[in-house]
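# Coordinate inspection notes
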Amino acid sequence: MPIKIDSDLPAKSTLEKENIFVMTEERALTQEIRPLKIAIVNLMPTKEVTETQLLRLLSNTPLQIEISLVRMKGHISKNTSEEHLDRFYISSEEVFKNKYDGMIITGAPVEQLPFEQVDYWDELCKIMDYAKKHVHCTLYICWGAMAGLYHLHGINKNIVEKKFSGIYKSHRLDNYDPLTRGFDDYFPVPTSRYTTILSADVMKNPDLILLADNKETGVTIAKSKDNRSIFMTGHLEYDSDTLAKEYYRDLNKGINPEIPGNYFEDDDPEKGAYSTWRSSAHLFYSNWLNYYVYQTTPYALDDIEKE
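Please read all numbers here as calculations on a predicted model, not as lab measurements. (Residues numbered from 1 in each chain as written. Predicted model: local features only at pLDDT ≥ 70, side-chain atom pairs only at ≥ 80, totals over all residues. Heavy atoms only, no water.)

### A closer look at the pairing of strand β9 (residues 186-196)
Formally: For the exposure calls, accessible area comes from a 1.4 Å probe over protein chains only, and a residue counts as buried if that area is under 20% of its type's maximum, exposed if over 50%, partly exposed in between. Strands are runs of DSSP state E lasting at least two residues, helices are runs of H or I lasting at least four, and both sets are numbered from the N terminus onward. At least two DSSP bridges between two strands are required for those strands to pair.
Of all 11 residues that make up β9, 9 are buried, and the element is covered over most of its length. Judged from the 10 bridges that link them, strand β8 (residues 158-172) and β9 form a sheet pairing that is antiparallel. The residue of β9 that forms the bridge with Phe 164 is Arg 193.

Written out as structure tokens, the structure is:
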């Protein structure tokens, strides 16, 4: 699909090698259609990796999409150069000047901290509040999902004693919701966190619908009844080797992590890892873009505020 990004964004060359069609500003202007405007609030430390992962999945549609990468003004990134952030990212102040068909708020490795202790919490809350009126549908991922459920619906996360790390099969609970259309009854989800959201907490909230969960890890997918917010607590965007890199990173730190479950061949890190979730990932993002953004967003972005 024609995903519209800056011509010198590092992710561009990776996507082109994978035969994913990317479109520069110059080419996009020759097409007389309104592209979907999607903002990605990237809270992950390795931002260039996350950019590529998400753009890869957003590409699986015939729609033209214009991407805006968003950074937290009040946070200093330790793993991404300031040059990269200045070149390709906008601040939340710029977000507040625009309206978007869709927004993605990513996870962040801060799940063990109380939300209010995260250095950019106040700034993120302003973005989530802004999105309620100025974004047609927002997708919250992992810690982002927990932050959204906490700030918007008062549902707090629960700290677990042992980190959830591996591939966990989630149970699809609604056979007819468009977001999980085409999913198997059980589908694999990469998971890497020390927290959980209890299914019971979502089910008793009158403004939310539980779409998928796992008995061990809790909520996997939930949504608001007005279809304006989607909460995904796993990492379907992960590459085949992302969990392996996290595992070896923790080993090198002396943390002595457990081997991610259902991930390495024969549970042996020496034999390598392989993906079992790629088809579900593409389906999830295609369904979100098609059914929750494209088919229901107003043609005039200014009309989003009237919804």
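### Considering unusual backbone geometry
The backbone of Cys 142 sits at a positive phi, close to 50°, despite the residue not being glycine. Locating Cys 142 in the fold gives a position in the loop between β7 (135-141) and α7 (143-153). Positive phi is not limited to glycine here, since Asn 262 has a value of about 55°. Considering the arrangement of structural elements, one finds Asn 262 in the loop between α9 (242-252) and α10 (278-294).

### Here's the deal with the packing of helix α6 (residues 121-134) against α7
Selection criterion: The axes are straight lines fitted to the C-alpha atoms, using for helices just the contacting stretch, and the angles between their N-to-C directions are given from 0 to 180°. Relative orientations are named as follows: roughly parallel for angles under 35 degrees, roughly antiparallel for angles over 145 degrees, roughly perpendicular for angles from 65 to 115 degrees, and oblique for any other angle. Throughout, a residue-residue contact means that at least one pair of heavy atoms, one from each residue, lies within 4.5 Å. Just so you know the grouping, Ala, Val, Leu, Ile, Met, Phe, Trp, Tyr, Cys and Pro go in nonpolar, Asp, Glu, Lys and Arg go in charged, and all remaining residues, Gly too, go in polar.
Between α6 and α7, the least distance of the axes is 11 Å, while the angle of their chain directions is 75°. Between α6 and α7, the angle falls in the class roughly perpendicular. Across the interface between the two elements, Trp 121, Leu 124, Cys 125, Met 128, Asp 129 and Lys 132 of α6 pack against Trp 143, Ala 147, Gly 148, Tyr 150, His 151 and Leu 152 of α7. The class makeup of the residues in the contact of α6 with α7 is 8 nonpolar, 2 polar and 2 charged.

### Here we look at the pattern of salt bridges
Counted only if it meets this: Salt bridges are counted wherever a side-chain nitrogen of Lys or Arg sits within 4 Å of a carboxyl oxygen of Asp or Glu.
Going through the model one piece at a time under the given rule, you end up with 19 salt bridges. One salt bridge in this structure joins Lys 271 and Asp 266, with 2.7 Å as the shortest N-O distance.

### Some words on the packing of helix α3 (residues 47-58) against α10
Packing of α3 against α10 brings their axes to within 8 Å, and their N-to-C directions diverge by 70°. What the angle tells us is that α3 and α10 run roughly perpendicular. Contact with α3, carried on its side by Leu 54, Arg 56, Leu 57 and Leu 58, involves Ala 281, His 282, Tyr 285, Trp 288 and Leu 289 of α10 and no other residues of that element. For the contact of α3 with α10, a count of residues per class yields 7 nonpolar, 1 polar and 1 charged.

### Some words on the nonpolar core
Here is the rule: Here, nonpolar core means buried Ala, Val, Leu, Ile, Met, Phe, Trp, Tyr and Cys residues that are tied together by side-chain atoms lying within 4.5 Å of each other.
Formed by 48 residues in total, the largest nonpolar core has its most connected members in Ile 104, Leu 139, Phe 284, Tyr 285 and Trp 288. Here this core gets 7 residues from one element, more than from any other, and that element is α10. Every residue in contact with Leu 139, bar those within four places of it in the chain, is listed here: Met 103, Ile 104, Ile 105, Ile 230, Met 232, Phe 284, Tyr 285 and Trp 288. Counting 36 residues, the second-largest nonpolar core is a separate cluster that includes Ile 105, Phe 115, Trp 121 and Ala 147.

The quantities given are spatial measurements derived from coordinates; they are silent on function.
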